[in-house]
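Here are the chains, one letter per residue:
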Amino acid sequence: MKNKLLLAAAALLGTLLLAPAVFAQSDCTKLVPPSPFGKDDETGATNRVTPAVTKAAAAEIQTGKVTTLTNVLVDGVPLFGTRFSKTILTATGLAPGGALGENNLTYMEDTWLSQSHVGTHLDGVGHIGRADCYYNQNPMGKFINQNRMTKLGLEHLKSFATRGVIIDMVRVFEAANKLRANPQCRKPCIDKGQVITPEDLQAGLKMYNVTLREGDAVFIHTGWEDLFLQYPAQNTLYNSGEPGIGEAAAKWLIDQKVILVGADTWAVEVIPGESPSKAFSVHQMLITDNGIHIIENARTDLIADEAAATKRATFFLNMTVPKAVGLTGNFVGIEAIQ
Amino acid sequence: MSIAGFTPAPVLGRRSLLGGAAALLALPLAAQGAAERRYRIGFANLTEDPGTRLEGLGFTGGDVQASFVLAARSLPVEMVFYDNDRNREKTLANADDAIARKLDLYIQYCDDAGANGEVAKRMKTAGLPVLAVTYPVPGAPLYGPDNALAGRLAGEALARFANATWQGRAAAVAIVGDLANLGDHVPDRVEAIAAALKEHLPSAAQTRLDTTGNPAQAEAQMRRFAAAQPDHKLLVAALDDTTALMAKAAVEAAGRVPDTAIVSQGCDRSVHGGSNDKKEIDPTNRGSILIGSVAYLLDRYGYEVLPLALRMLRDETVPPRVPTRHVLVTAANVFTIYPPIDMN
């Protein structure tokens, strides 16, 4: 018994001694740039959505046509590895005798047990870091507990009521006669591994006479979502890679001071990446270094078709994010209103 | 033969962790990429038969070609791919085609020394520069593995483990694999492993188990070896990853897991994977008896070789021999060297 106590004490001491190593803090001033929105900022790029930006974006609403940019979230859609999203329906009210009162009120509700980065979802500023350093030089080892982050959570985001821009890479690549499609796509798509460059983005903007402005939300249509839409048949292929922006295109978008970059892919950036020994470097550039959000698994084909039909690639972005305290991201519903 | 053209991406200053030096040297070149013309570079693969393992390791010709396709995306090059198919006639026909097409440079990956000599002659006559991969081509710079270094890394890792973990306990060494594979210089790896172990763990007796190119034989050989060494700790230097996994299965079946450490050569996808794959070498599997595998990076050849090719095309000096930057891949560094892409 005495030995067991000694062992337990030694284990506890060991754990305590190891703890600083586990939560070793880097000098975040050397790894991550400071935020342009101030040393205490936890919001990121939505600081750019000022009343003037929202008012200007409202001018995009001309016909009132609403186009979704959201994919369904249901069993069978592509999720990575052990990712899950499950619902459990509580419907006891439908059982005999379950109705309430003379008016026979019945009800149903759900238990939603899900990871947050599933389906069409937003990456918050606490999602990606460089070592233990996150957006605005925050050493996040200090700001987490068992359940959530205590800094950089979604509750700090401001409005996404801004102008959205769809950049149709499929049509750009078709026009340039360089579309290398994947045979499993039923509609034209850009194949995985294809790097989207700043010149490609600029060609897409020029196609509809759009100039990006500060506070815009940019969505990129690659056609890769066609594999998502075939769920579950092409889930493995969908997850095996994707076309996307490279580091140069990310830099260019950062320079335009956009607030988010979305795409019809699961990571927005090209996979396999440009350097085989880097992991998701565009995520770090956008989120960690600049507080710019990423939207993954967006549905972009409908708004791309709408843009082609109307010659208008801009819209009012309708998207809200739950004030979910301490979350790193969440699934969202997105609409383009024109 | 196939052609894949890619739009060059503007320069980012990116560099490979492992290929830092080469990439850094290539930066000035890449920085001028937008201004200079695109080069047409041929790559004649050893073989694209998916059933053939290359260089005595677990990689295929597909792995090598894919690395060229991916690396070319960010460089001012248009790749023209050939399959030498381990066939001399095809190899020479490929070279002739490259000459007829007036390619700017030819990368030859062929283990037929006679064919390589003839290719060298024809290319010299045509004035087409050649870069050789793994197997020498007369007069051409050579990129390829440093077999002695790779072997030494494995031997040192095993000795280090034994000295740190089993201090003072008797240990027996098995070097297991295709010992006599001269064409791929496997004996060079074996001798380097043996020498490193002798230097750092002189008391451990060494045994060589020859699978004659059939990794499946390793299981029976390792069972017998383990049974013959009931009182010894077992240090296993496997000459490829498949053999390492076979050896691991053997000691598991023999109940000798606590007594065994294995280090392998190659680090192909059978031992490392993404964050959801849970392969043998994985940060969440730090207790594995397969403590590491020496990376040969055949799946990065394109990233290493194309910058060299561009330096040749720019008349810059290229060393006559550029070795692979081998590194021991363990659970502690596998995600740094092979970052997973399935975590998003």
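Residues numbered from 1 in each chain as written. Chains lettered and ligands numbered in written order. Predicted model: local features only at pLDDT ≥ 70, side-chain atom pairs only at ≥ 80, totals over all residues. Heavy atoms only, no water.

Caption draft 1: Structural context of the layout of surface pockets. Of the pockets and cavities examined, the largest pocket occupies roughly 1200 Å³. Taken together, the elements giving at least two residues each to the lining of the largest pocket come down to α7 (235–239) and α9 (281–290) of chain A together with α2 (61–72) of chain B. (1 Å grid on protein atoms, 1.4 Å probe; cavity = no way out; pocket = protein on both sides within 12 Å on 5 of 7 lines; lining within 4 Å. Points joined across faces, edges and corners; volume = space filled by probe spheres on them. Helix = DSSP H or I, 4+ residues; strand = E, 2+ residues; numbered from the N terminus.)

Caption draft 2: How the structure looks around the state of the cysteines. Residue and element names in this part refer to chain A. Considering all chains together, one arrives at 2 disulfides over all chains under this definition. With a sulfur-sulfur separation of 2.0 Å, C28 is cross-linked through a disulfide to C133. Its S-S torsion of about -85 degrees marks the bond between C28 and C133 as left-handed, since a negative value means left-handed. Residue C28 is located in helix α2 (residues 28–31), and its partner C133 is located in strand β5 (residues 133–134); the two are separated by 105 residues in the primary sequence. No difference in accessibility class separates C28 from C133, as the two residues are buried. (Disulfide = S-S within 2.5 Å. Buried < 20%, exposed > 50% of the residue type's maximum accessible area, 1.4 Å probe, protein only.)

Caption draft 3: Local environment of the domain arrangement of chain A. All names here are of chain A. Here chain A is partitioned into domain 1 (28–80 + 118–337) and domain 2 (84–116). Of note, the centres of domain 1 and domain 2, computed from C-alpha atoms alone, are 35 Å apart. Contacts between the two partners involve 10 residues from domain 1 and, on the opposite side, 7 residues from domain 2. Taken over both partners, the interface formed by domain 1 and domain 2 buries close to 600 Å², and the fraction arising from carbon and sulfur atoms is 56%. One can count 1 salt bridge joining domain 1 with domain 2. With a shortest N-O distance of 3.3 Å, D75 and K86 are connected by a salt bridge. Summed over the shared surface of domain 1 and domain 2, the result is 4 residue pairs in polar contact (both at pLDDT 80 or more). Looking at which element gives the most residues to the side of domain 1 that touches domain 2, the answer is strand β14 (residues 329–331), with 3 residues. Per-class residue counts for the side of domain 1 that touches domain 2 are 5 nonpolar, 4 polar and 1 charged. (Domains from an automatic or database assignment. Contact = heavy atoms within 4.5 Å. Buried area = accessible area lost by both parts, 1.4 Å probe. Salt bridge = Lys/Arg side-chain N within 4 Å of Asp/Glu carboxyl O. Polar contact = N/O pair within 3.5 Å; in protein donor to acceptor, adjacent residues only side chain to side chain. Nonpolar A, V, L, I, M, F, W, Y, C, P; charged D, E, K, R; others polar.)

Caption draft 4: The side chain of H221 of chain A, seen in detail. Residue and element names in this part refer to chain A. Assignment of secondary structure puts H221 in strand β9 (residues 217–221). Here the side chain of H221 touches D264 through a polar contact of 3.4 Å, side chain to side chain. Contact partners of H221, with chain neighbours within four places excluded, come to I166, I167, D168, M169, V170, D264, T300, D301 and A304.

Caption draft 5: Region of interest: helix α4 (residues 113–126) of chain B. All names here are of chain B. Compared with an ideal rise of 1.5 Å per residue, which puts 14 residues at 20 Å, α4 spans 20 Å between its outermost C-alpha atoms and is within 8% of the ideal. Turning to α4, its buried residues are A115, N116, V119, A120 and M123. Buried residues of α4, seen end-on, are gathered within an arc of 140 degrees and therefore sit on one face of the element. Set apart from the buried face of α4 by more than 90 degrees, the exposed residues are K121, K124 and T125. As for α4, its buried residues are in contact with α3 (88–100), β4 (105–108) and β5 (130–133). You can read the cap of α4 off the contacts: a side-chain oxygen lies 2.9 Å from the backbone nitrogen of G114, and it is on D112. Just downstream of α4, G127 is the residue with a positive phi angle, here 75 degrees. (Expected span 1.5 Å × (residues − 1). Arc of directions from axis to C-beta.)

Caption draft 6: Geometry of the pairing of strand β8 (residues 205–210) of chain B. All names here are of chain B. The pairing of strand β7 (residues 171–177) with β8 spans 6 bridges and is classified as parallel. In the sheet register, I175 faces β8, and the bridge partner there is R208. With respect to chirality, the unit in which β7 leads through helix α6 (residues 186–200) into the neighbouring parallel β8 is right-handed. (Pairing = 2+ DSSP bridges. Right-handed = clockwise from strand over helix to strand, strands pointing away.)

Caption draft 7: Region of interest: a nonpolar patch on the surface. Together, L89, L94 and M108 of chain A make up a nonpolar patch on the protein surface, roughly 330 Å² of accessible area in all. Among the residues examined, L89 of chain A registers a relative accessible area of 53% and is labelled exposed. (Patch = residues over 30% accessible without salt bridge, like charges linked within 9 Å, V, L, I, M, F, W, Y side chains within 5 Å. Areas by Shrake-Rupley, 256 points an atom, 1.4 Å probe, with all protein chains shown as cover.)

Caption draft 8: Just the sheet that holds β14 of chain A, in detail. Residues and elements named next belong to chain A. Strand order in the open sheet made by the 9 strands is β1-β15-β13-β7-β9-β11-β12-β4-β14, with mixed pairing throughout. Here the strands that pair on one side only, and so sit at the sheet edges, are β1 (66–68) and β14. Strand-to-strand twist across the sheet, computed as the mean angle between neighbouring axes with direction ignored, equals 30 degrees. Pairing between β9 and strand β11 (residues 260–263): 4 bridges, direction parallel. The residue bridging A217 from the neighbouring strand is L260, located in β11. (Axes fitted to C-alpha atoms, helices over the stretch in contact; angles between N-to-C directions.)

Caption draft 9: Representation of the domain arrangement of chain B within the structure. Residue and element names in this part refer to chain B. On domain assignment, one finds that chain B holds domain 1 (2–145 + 298–313) and domain 2 (147–295). Contacts between the two partners involve 9 residues from domain 1, matched on the other side by 14 residues from domain 2. Roughly 930 Å² is buried in total at the junction of domain 1 and domain 2, and carbon and sulfur atoms are behind 43% of that figure. Our count for the contact surface shared by domain 1 and domain 2 stands at 2 salt bridges. Between R269 and D63 there is a salt bridge, with the nearest N and O atoms lying 2.9 Å from each other. Taken together, the links from domain 1 to domain 2 amount to 7 residue pairs in polar contact (both at pLDDT 80 or more). Considered class by class, the residues forming the side of domain 1 that touches domain 2 number 4 nonpolar, 2 polar and 3 charged.

Caption draft 10: Representation of the nonpolar core in the model. I41, F68, I107 and Y109 of chain B are the most contacted members of the largest nonpolar core, which has 61 residues in total. In terms of residues, this core owes the most to one element, helix α9 (residues 301–313) of chain B, which gives 9 residues. Built from parts of two domains, this core gets at least three residues from each of domain 1 (2–145 + 298–313) and domain 2 (147–295) of chain B. The residues touching I41 of chain B, leaving out its near neighbours within four places in the chain, are V77, E78, M79, V80, L103, L105, I107, L306, A309 and L313 of chain B. Listed in part, the 60 residues of the second largest apolar core include L286, A308, V321 and V332 of chain A. (Core = buried A, V, L, I, M, F, W, Y, C linked by side-chain atoms within 4.5 Å.)

Caption draft 11: Molecular detail of the confidence of the model for chain A. In this model, chain A carries an average pLDDT of 93, and 93% of its residues clear a pLDDT of 70 or more. Confidence over residues 11–21 of chain A falls short of pLDDT 50; this stretch has 0 contacts with residues more than four positions distant or in other chains. (pLDDT = per-residue confidence, 0-100.)

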